[in-house]
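Coordinate inspection notes
Take a look at the letters that make up each chain.
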Amino acid sequence: MLDAVSVLAVLVLYMGLLFLTALRVERRSSEEGRPFNSALIYSLSLGVYCTAWTYYGSVGKAVTSGLLFLPIYLGPTIAIMLWWTILRKLVRIKTIHHITSIADFISARYDKSLAVGALATFIALIGTMPYIALQFKAVFSTFALITSEPGAEPSWISSHLGSVTVSLMIVFTIVLGVRRVDPTERHPGLVMAIAVECLVKLVAFLAAGIFVTYFMFDGFGDILARVRMELPQHILEMWKADQVWSVTWMTYLVLAMSAIMFLPRQFHVSVVENFDEKHIRTAMWVFPLYMLLINVFVFPIAMGGILKGHSHLEADTFVLSLPLQAGQNWLSVLVFLGGASAATGMIMISSITVSTMITNHFLLPLVGWIPWLAFLRRRLLHCRWAALAIVILSGYWFEQAVGESYMLVNIGMISFAAAFQFAPAILHGIFWRRGNKMGALLGLGAGFTVWFYTLLLPAFVRSGWVSYALLDQGPFGIAILRPERLFGITELGPLAQAVFWSTVFNVGFYVFGSLVFKQSPTERSLAEDFVGALTAGPDLTKSTHRESYIDLASKAKTILKVFGQFFSEEEAKAMTTKCIREAGVEGKDRISITELARIHNEVERFLSGSVGAATAHRWLTQSGLFSDREARDLSEVYSEILAGLKVTPEDLQRRIDYYQEREALLGQHAAELEEKVRERTRDLEAAQEELIKRERLSVLGQLTGVVSHELRNPLGVISFSNYYLKRNIKDPDEKIVKHLDRIAEQVGHCDLIIDELLEYTRGTQSSLVRGEINPWIEQVLDQMAIPEGIRVHRSLGRSLPPVRFDGEKLRRVVINLVENALQAVRSRVEAEKGSDYRPVLRVATSLVDGALCIEVSDNGMGMDLDTASRAFEPLFTTKPRGTGLGLAVVKKVVEEHGGRVLLSSQLRQGTSVSVFLSIDQEGNDQSDPLHGDPTREPV
Amino acid sequence: MRKPVLLVDDNVMFLDSARDVLEGEGYAVITAQSGEEALGLIRGQDFSAVLMDIKMAGINGVETFVQMKQIKPDVRVIMCTAHIVEDLIRLAESEGAFAILKKPVKIEILLDVMERALKPALP
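Rules used throughout
- Residues numbered from 1 in each chain as written.
- Chains lettered and ligands numbered in written order.
- Predicted model: local features only at pLDDT ≥ 70, side-chain atom pairs only at ≥ 80, totals over all residues.
- Heavy atoms only, no water.
- Helix = DSSP H or I, 4+ residues; strand = E, 2+ residues; numbered from the N terminus.
- Buried < 20%, exposed > 50% of the residue type's maximum accessible area, 1.4 Å probe, protein only.
- Contact = heavy atoms within 4.5 Å.
- Areas by Shrake-Rupley, 256 points an atom, 1.4 Å probe, with all protein chains shown as cover.
- Buried area = accessible area lost by both parts, 1.4 Å probe.
- Salt bridge = Lys/Arg side-chain N within 4 Å of Asp/Glu carboxyl O.
- Nonpolar A, V, L, I, M, F, W, Y, C, P; charged D, E, K, R; others polar.
- Pairing = 2+ DSSP bridges.
- Axes fitted to C-alpha atoms, helices over the stretch in contact; angles between N-to-C directions.
- Expected span 1.5 Å × (residues − 1).
- Core = buried A, V, L, I, M, F, W, Y, C linked by side-chain atoms within 4.5 Å.
- Phe/Tyr/Trp six-rings, centres within 6.5 Å; stacked < 30°, edge-to-face > 60°.
- Lys NZ or Arg CZ within 6 Å of the ring centre and 35° of its normal.
- pLDDT = per-residue confidence, 0-100.
- Parallel < 35°, antiparallel > 145°, perpendicular 65-115°, else oblique.
- Left-handed = near helix turned anticlockwise from the far one by under 90°.

So, about the overall build of chain B. Scanning chain B from N- to C-terminus turns up five helices and five strands. Helices (α) and strands (β) of chain B occur, in sequence order from the N terminus, as β-α-β-α-β-α-β-α-β-α. For chain B, buried positions account for 48% of its 123 residues. Sequence-distant contacts, at least 24 apart, represent 60% of the contacts inside chain B between residues at least 6 apart. On chain B, roughly 5,800 Å² of surface is accessible, and the fraction owed to carbon and sulfur atoms is 53%.

Looking only at helices and strands, one finds 35 helices and nine strands in chain A. Across chain A, the fraction of contacts at a sequence separation of at least 24, relative to all contacts at a separation of at least 6, is 81%.

How big an interface is tends to be stated in terms of the accessible area lost upon association of its parts. At the junction of the two partners, chain A supplies 17 residues and chain B supplies 20 residues. Taken together, both faces of the contact between chain A and chain B bury some 2,000 Å²; the carbon and sulfur share is 60%. Contact with chain B buries surface across chain A, with His709(A), Phe720(A) and Tyr723(A) losing the most and accounting together for 35% of the total. Between the two partners, chain A and chain B, sit one salt bridge. A salt bridge links Glu25(B) to Arg727(A); its shortest N-O distance comes to 2.6 Å. Among the elements that take part in the side of chain A that touches chain B, helix α30 (residues 649-728) of chain A stands out by supplying 14 residues, more than any other. Residue classes in the side of chain A that touches chain B are distributed as six nonpolar, six polar and five charged.

Here the focus is the sheet that holds strand β4 (residues 791-796) of chain A. Residue and element names in this part refer to chain A. On the basis of which strands lie adjacent, the open sheet formed by five strands has the order β4-β6-β7-β9-β8 and mixed pairing. Every interior strand has two partners, whereas the edge strands, β4 and β8 (900-906), have only one. Sheet twist, expressed as the average angle between the axes of neighbouring strands with direction ignored, equals 15°. Sheet analysis places β4 next to strand β6 (residues 840-848), joined by six bridges and oriented parallel. Across the sheet, the residue bridging to His793 is Arg842, located in β6. Along the sheet face, helix α32 (residues 773-783) touches β4, β6 and β7 (851-858) and points at about 170° away from the line of β4.

Further remarks concern helix α8 (residues 161-177) of chain A. Along an α-helix, a turn takes 3.6 residues, which lines up residues three or four apart on a common side. Compared with an ideal rise of 1.5 Å per residue, which puts 17 residues at 24 Å, α8(A) spans 23 Å between its outermost C-alpha atoms and is within 8% of the ideal. Burial runs high along α8(A): twelve of the 17 residues are buried.

Moving on to the nonpolar core. Residues and elements named next belong to chain A. Ranked by size, the top nonpolar core spans 171 residues in total, and within it Tyr49, Phe416 and Phe422 carry the most contacts. Of the residues forming this core, the biggest block, 18 residues, is contributed by helix α6 (residues 114-147). The contacts of Tyr49, once residues within four sequence positions are left out, are Thr54, Ile72, Pro76, Tyr131, Ala256, Ala259, Ile260, Arg265, Gln266, Phe287, Met291 and Phe416. If you look at the next biggest cluster of nonpolar residues, it comprises 43 residues, including Leu810, Ala868, Val894 and Leu903.

A few words on the sheet that holds strand β4 (residues 77-81) of chain B. Residue and element names in this part refer to chain B. With parallel pairing, five strands are arranged side by side in an open sheet as β2-β1-β3-β4-β5. The strands lining the two open edges of the sheet, one partner per strand, are β2 (29-32) and β5 (99-102). Here the average twist between neighbouring strands, direction ignored, is 20°. Note: strand β3 (residues 49-53) against β4, four bridges, orientation parallel. Pairing of Met52 across the sheet is with Met79, part of β4. Strand contacts of helix α3 (residues 61-71): β1 (5-8), β3 and β4, with the helix running at about 150° to β3, the strand carrying the most contacts.

The next point concerns the pattern of salt bridges. Residues and elements named next belong to chain A. Inspection of the entire model under this criterion finds 21 salt bridges over all chains. Across the salt bridge formed by Asp276 and Lys278, the nearest N and O atoms sit 3.9 Å from each other. Three or more residues joined by partner-sharing salt bridges are found here, namely Glu674, Glu675, Arg678 and Arg682.

On to the packing of aromatic side chains, then. Residue and element names in this part refer to chain A. Summed over all chains, the structure comprises 25 aromatic pairs over all chains. Members of the aromatic cluster, connected to one another through ring pairs, are Tyr49, Trp53, Tyr131, Phe287 and Phe416. In this arrangement the basic side chain of Arg265 is found over the ring face of Tyr131, its NZ or CZ atom lying 4.3 Å from the centre.

This part covers the confidence of the model for chain B. In this model, chain B carries an average pLDDT of 85, and 93% of its residues clear a pLDDT of 70 or more. Overall fold confidence for the complex sits at a pTM of 0.53, while the interface term, ipTM, reaches 0.84.

Time to look at the packing of helix α5 (residues 102-109) of chain A against helix α24 (residues 521-531) of chain A. Residue and element names in this part refer to chain A. The geometry of α5 relative to α24 is characterised by a closest axis approach of 9 Å and an angle of 125° between their N-to-C directions. Judged by the angle between their axes, α5 and α24 are oblique. Judged by residue contacts, Phe105, Ala108 and Arg109 of α5 engage Glu523, Leu526, Ala527 and Phe530 from α24.

Residue and element names in this part refer to chain A. Within β8, five of the seven residues are buried, which leaves it mostly tucked inside the rest of the structure. For β8 and strand β9 (residues 910-918), the ladder comprises seven bridges, and the chain directions are antiparallel. Bridge assignment links Gln906 to a residue of β9, and that residue is Gly910. Two successive antiparallel strands, β8 and β9, enclose a turn made up of three residues, where Arg908 displays a positive phi of approximately 65°.

This paragraph deals with the side chain of Asn436(A). Mapped onto the fold, Asn436(A) is located in the loop between α20 (422-431) and α21 (437-462). Every residue in contact with Asn436(A), bar those within four places of it in the chain, is listed here: Tyr110(A), Tyr510(A), Gly513(A), Ser514(A), Phe517(A), Lys518(A), Gln519(A) and Glu523(A).

Another point: the environment of Ala340(A). Residue and element names in this part refer to chain A. Here Ala340 is to be found in helix α17 (residues 329-369). Ala340 sits in the buried class, given a relative accessible area of 5%. The spacing of Ala340 and Lys201 is 139 residues in sequence and 8.4 Å in space, taken between C-alpha atoms.

With that out of the way, let us pick up the environment of Leu44(A). Residues and elements named next belong to chain A. With respect to the helices and strands, Leu44 occurs in helix α2 (residues 39-45). When its relative accessible area of 14% is taken as the criterion, Leu44 is described as buried. Between the C-alpha atoms of Leu44 and Tyr290, which are 246 residues apart in sequence, the distance is 7.9 Å. Not counting residues within four places of it along the chain, the set of residues in contact with Leu44 comprises Ala195, Cys198, Leu199 and Tyr290.

Time to look at the packing of helix α25 (residues 552-564) of chain A against helix α26 (residues 569-582) of chain A. Residue and element names in this part refer to chain A. Interhelical geometry of α25 versus α26 gives an angle of 130° and a closest axis separation of 9 Å. Judged by the angle between their axes, α25 and α26 are oblique. Helix-helix and strand crossings are classified by hand; for α25 and α26 the assignment is right-handed. Each of Leu552, Ala556, Ile559, Leu560, Phe563 and Gly564 in α25 lies in contact with α26, whose residues at this interface are Ala572, Lys573, Met575, Thr576, Cys579 and Ile580. Residues that form the contact of α25 with α26 fall into these classes: nine nonpolar, two polar and one charged.

Residues and elements named next belong to chain A. A large share of β9 lies buried, amounting to nine of its nine residues. The sheet contact formed by β7 and β9 spans eight bridges and is antiparallel. When the sheet's bridge partners are listed, Asp858 is paired in β9 with Thr911.

Per-residue confidence for chain A gives a mean pLDDT of 81; residues scoring 70 or more make up 88%. Between residues 923-939 of chain A, whose pLDDT stays under 50, and residues either more than four places distant or in other chains, the model counts 33 contacts.

Right, dumping it as C-alpha cells:
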C-alpha cells in the first residue's frame, strides 16, 4: 500500500512529462511547418480505443463471461480490413471539407444542416458521458485500491479524489489540447502524448501479465491446467447462465466494429488527426498487433485471480490487485499508471472533440439566433474550455449517479451502442448518394430515442433514479413497451435487443426519409463529393491552405491599427477599406491565405508610399498580420509553387534576377531597334523615292534620247533647206526674209528645248576633268551670241586653283545662266523703254570660302520672292515660251559636280546666280562645304 | 580645183538639203548613205573633207572614220551627231577627227569649219 500523496505525485509527474513531450512535438511541428508525427505515432494513438475499461474491464468480463471479452478486440481487427476503403474515404473527405469532428462530418454530408449537427452533438455528448464515467470509476477504484490501508483514515486526497481528479483532468486537457482554436483541429502534441500513453499502458499491462503468468504461476500451460482442474463451479455456472451467449457475442462484435470508427474519440484520432493517408496502411498492421499484445494476458490474469481465490466481483481490478497483494509496489504503481494513462487518454480526447462539437454545433448556432450572445464569438476559446469542463463534469456526474450499480463493461457497451447510431448515417452517407438530410435526421433521432429508452433509461432505473416499475411493467403499464423487452423480444438479452431495435428504427427511418424526401441541389453535390471522395484525385488534399478559413474582420482590425499609427482614424479606415477592396476580398467573411497575402501586399504598398518601404515593412511585420500558422501556410503555398516549378528558392531568385535584367535589356534594345527602324524606314522611303525618280528619269532619259535624235535629224534638214532658200530666193521681200529667219530661229529654239530636255533627263555621266576655269569660261562666252547693246563684263579672278569639271555640262550651265540674264535685261529694256536704263551683265570667277565661285549677275527685271523660291523648280518658268528646265538643269549639273548654286534676286534691280565648285585637291574628290539645299535662297 | 566634199549620213533628206546648200556655197559634193558606201568611195578618190554622221545604220561614223584613216590617213573628217554618245565622241577625238559638231548643225559653223578643213595643213 502506498500513500496517496506519492501516488498522486507520480501521476502528476507523469502527466507533466506527457505535457512536455507534447509541447516539444508541437514546437517541432511549427518549426518544420508540418506535423511532426510519424505513421507509427498515428497508429499507436489509435490505441486510445483501449481505455481503462479495456485495461481493467476485460479481465472482469473474462471472469464473468469467459471469452466474451474477445469480440471487443476482434471487432476492430475485422473492421481494420475495411479501413483502407472506409477510413481513407473519411480522411479524404475530412481534408477537402475541413471536418473537425464526427458531428461536423455528419452535418457536412447532410447539406451542412444545423439540425443534424446539433443532434449528432447531442448523441455524442450523451453517449460519451457513460464512457467518461467509466474512466473515473476505474481511476477512483484503483486509486483507492493502491492507497488503501485497512483501518487507516482516508486521506484528504482520497476523500476528495473526485474533485481533485476532475479538476486535474480539466486542467491537463486544456493545457494539452485546447490552448488555441486551431481551424483544422489537429493537435500533433496531443497525439504524441496519446501515443506515449498507449505505449505505457501496453507495457504496464504486459508487465502485469508477465508477472502473473510467469511469476505467480508457471506460464500459460500451468494456468490452463489449473483452470481445467480447479475452476470454481460458480464461475462455470455463470458462464453457462448466459443463454444468449452467441447473440451477445455477435452484438459485441458488431458494436466493437462500429466503435473503432464511430466513437467520437476514435473518429478524432483516426480521421481528424490524420494528415497522411499513407499512415493508414501502417495502422492496419500496427493496431491489430497492439490489440493482440494487450489481450494476450487477459485470460491468464482473469483465471489467475480466480485461482488465487479472489472474488469474481472484484475481477475488474485483478490487474492491479494481484501484483499489489503480491507485494510488488513498483509494478503496482506502473499498473496504476497504465490504467490512469488509459483513463486520461480517453477523457482528454473525448472531451476535446465533444467540446468542439458543442461549441460549433450548439453554441455558435445559438449565438447566431440570440443576438445578445454575440460577444461569445470573440471568446471562442473560453467557450471551448467551458464546454470541455461541462463534458468532463457530466461524465463525473454520471459516474456518481450510476457507476456504483453497474459493472464497467456494461456501461461501456451503452456508449458503444450510442456510437453505433452514427453508423447508418455515416456509412450510408459515404456509400449511398440518395441518403439525405431528412433521412439522417429521422434516422438519428429514432435511433437515439430507442437507444436512450432501451439502454440509458434502464441504467437510471437500476441506479434508483427512475422507478423500477418502468422496467418491470413498461411505461404507463404497457407491457409491450418495456425498455428491456421491447415488443416482446426477450431472447436477445437487453443489450442485443436494444441494439437490434435501435438499428431497425435508425436504418428504417433513414431509408424512409431518404427515399421520400428530396435532396436539395447543394446536398446532391455534397453527396456526390462524399460518395466519390476516393475517386477524386489526391491532389485535392493539398488545398487546405488555399481555403478560406481566415477571419477577415480580425485582419482588418490589425490593418486598421497599423494604419492608425500613421494616420487619423478617418484616413486609416478609408485606407483599410481601400486595401481590402484592391485585394478583391471586399464583402467576404473568411479569406484564404493567398488572399491574405494579397491584402498584405496592398497594405505594404500603400504604406510604403507614405512612410517609406523599410518602415512600412517593419510595421507590418510587427503588426502580426500573419499568425504563425498563417505564415506557415503561406510558405507552404510557395513551397508548392516551387515544387511545381521543380526549382530551389536560390535557383528561383537567380532566375528571377536574370530574367529581370534580361527584360530591362530587352526593353532598352527594343527602344533602340524601334529608333533604328524608324530611321531606316525614313531612309528607305527616301531612297525609294529617289529610285523611282531615277527610274522615271532613266526611262525618260532613254525616251528623250531617242526622241531628240529623231527630232534633231529633221531639224537639221529643215535648217539646211531653210538656208538654201534664204540664199537662193531672188529679191526676197521683207516678209519672206522675215519668215525664213523665223524658221531658222524656231529651229534653233527647238534645238535648245531638246538640249535642255536631254540635259535634264539624261544620266549622270559627267566626266570631271581637271582644268582651269577662266580660259574655259572665256571660250564659252566667246562662242555665245550676245546681242548688240548689252555689255557683258568679265571679271575673272586671278590665280584661281584648278577645278574638276565637265566642260560640256558646265557650258550648258553657263549658257543657261547667261541666257537667263539676257532675258532678264531684255525684259527690263522692254519695260523701261525710253529710260536710260543700261543693261549690264557680269560674269565673274573668284575664290570664296575655299570654293571656286562662278557668278553670273545682271541688272535686269529681277524676281519677286515667290518666283525666286521656285526658280530652280523643273518646268517652272515665267517666260511665255520656255521649258522651265533651264535652272533645273543648272542645279542638276552643279550638284553632279558636288557643288552648290545660289540665287538672289530683287525685283527691278537684278539677279545674281552663283555656282560654287569645290577645289580640286590633288585628286581628292572634296565634297563642297556649302553642299546643301540650294533652294534655300537668302533673299 | 578643189577636191569634192563627201557627205555621209543615212538620212537622205539631210544629204539632199546639205548638198544643195554646200553646192550653193561652191563646194563639189558627193554623198554616201552609209559608212560602207563611203569607204568604197574613198578608195576610189580623194576628198578634201568628209562630213559624217556618227550614228548610222551599219557601221557607225567613228568606225568608218577609223577605217578611212587606214585608206587615206590624211583625210579630214568632221563628225556630227544628234545624239551625244560620250564614248564615241571621245573616241573620235582621240582618233583625230577634225571637228565634232552637234546636230542640228548651225550652217555658219559648218561653213566655217569646212573652210578650215579645206585649208591645207601647215607644214
